[in-house]
Amino acid sequence: MAETAQAIRVGSTADIEDGEALVVPADRTGTGDAIAVFHSDGEFHALDDTCTHAEASLAEGWIEDGQVECPMHSGRFCLRTGEALCMPATENARTHPVEVRDGEIWLLPRSGT
Ligand code: FES
């Protein structure tokens, strides 16, 4: 069972433009990895920033239609579920809950799977 840590204030919704992502560094997430918070089509989602295939930052990938394409080898992940959608990515990305309250984005890092 995944464990949810304290909420982290990421910034305001205006801080992440649609199609962009912001990285919360590992020393703030408490999960052992940085977490990327994505803005896609008016929704905010969070995944572990490190691609499950190799060492690449998903936050630097191409964000479109609720998916992120890894900048290294073009593996794609569903932002909502973390599902690996195409090769060479085969392992799903860990997702984390994100809440928007009064225009502020809050991340609830989840340790475990
Ligand atoms: Fe992401 Fe290879 S590092 S697909």
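Residues numbered from 1 in each chain as written. Predicted model: local features only at pLDDT ≥ 70, side-chain atom pairs only at ≥ 80, totals over all residues. Heavy atoms only, no water.

Observations concerning the pairing of strand 4 (residues 35-40)
Thought 1: Counting buried positions over the six residues of strand 4 gives six, a clear majority of the element.
Thought 2: Side chains of strand 4 alternate between two faces, with Ile35, Val37 and His39 and Ala36, Phe38 and Ser40 buried alike.
Thought 3: Bridge analysis of strand 3 (residues 21-24) against strand 4 gives four bridges, and the strand direction is antiparallel. Paired with Leu22 across the strands is Val37, a residue of strand 4.
Thought 4: Examined bridge by bridge, strand 4 and strand 5 (residues 43-48) share six bridges and lie antiparallel to one another. Bridging across to strand 5, Ala36 finds its partner in Leu47.
Thought 5: The loop that links strand 4 with its antiparallel partner strand 5 comprises two residues; one of these, Asp41, has a positive phi angle of about 55 degrees. (Buried < 20%, exposed > 50% of the residue type's maximum accessible area, 1.4 Å probe, protein only. Helix = DSSP H or I, 4+ residues; strand = E, 2+ residues; numbered from the N terminus. Pairing = 2+ DSSP bridges.)

Focus on the sheet that holds strand 5
Thought 1: The antiparallel open sheet is built from four strands, whose spatial order is 3-4-5-10. Taken across any chain shown, the strands that pair with only one partner, and hence form the sheet edges, are strand 3 and strand 10 (95-96).

Quick look at the environment of Glu60
Thought 1: Position of Glu60 relative to the elements: it lies in the loop between strand 5 and strand 6 (62-64).
Thought 2: Along the chain, Glu60 and Val24 lie 36 residues apart, while their C-alpha atoms are 13 Å from each other.

A few points about the nonpolar core
Thought 1: Formed by 15 residues in total, the largest nonpolar core has its most connected members in Phe38, Leu47, Cys51, Leu58, Val68, Phe77 and Leu79.
Thought 2: If we skip the residues at most four places from it in the chain, Phe38 touches Glu20, Ala21, Glu43, Phe44, His45, Leu47, Leu58, Ala59, Ile63, Val68 and Leu79. (Core = buried A, V, L, I, M, F, W, Y, C linked by side-chain atoms within 4.5 Å. Contact = heavy atoms within 4.5 Å.)

Some details on the pairing of strand 11 (residues 98-101)
Sheet faces and side chains relate simply in a regular strand, where the side chains alternate between the two faces.
Thought 1: The sheet contact formed by strand 11 and strand 12 (residues 104-107) spans four bridges and is antiparallel. By the bridge assignment for strand 12, Arg101 is matched with Glu104.
Thought 2: What sits between the antiparallel neighbours strand 11 and strand 12 is a turn of two residues, in which Asp102 has the positive phi angle 50 degrees.

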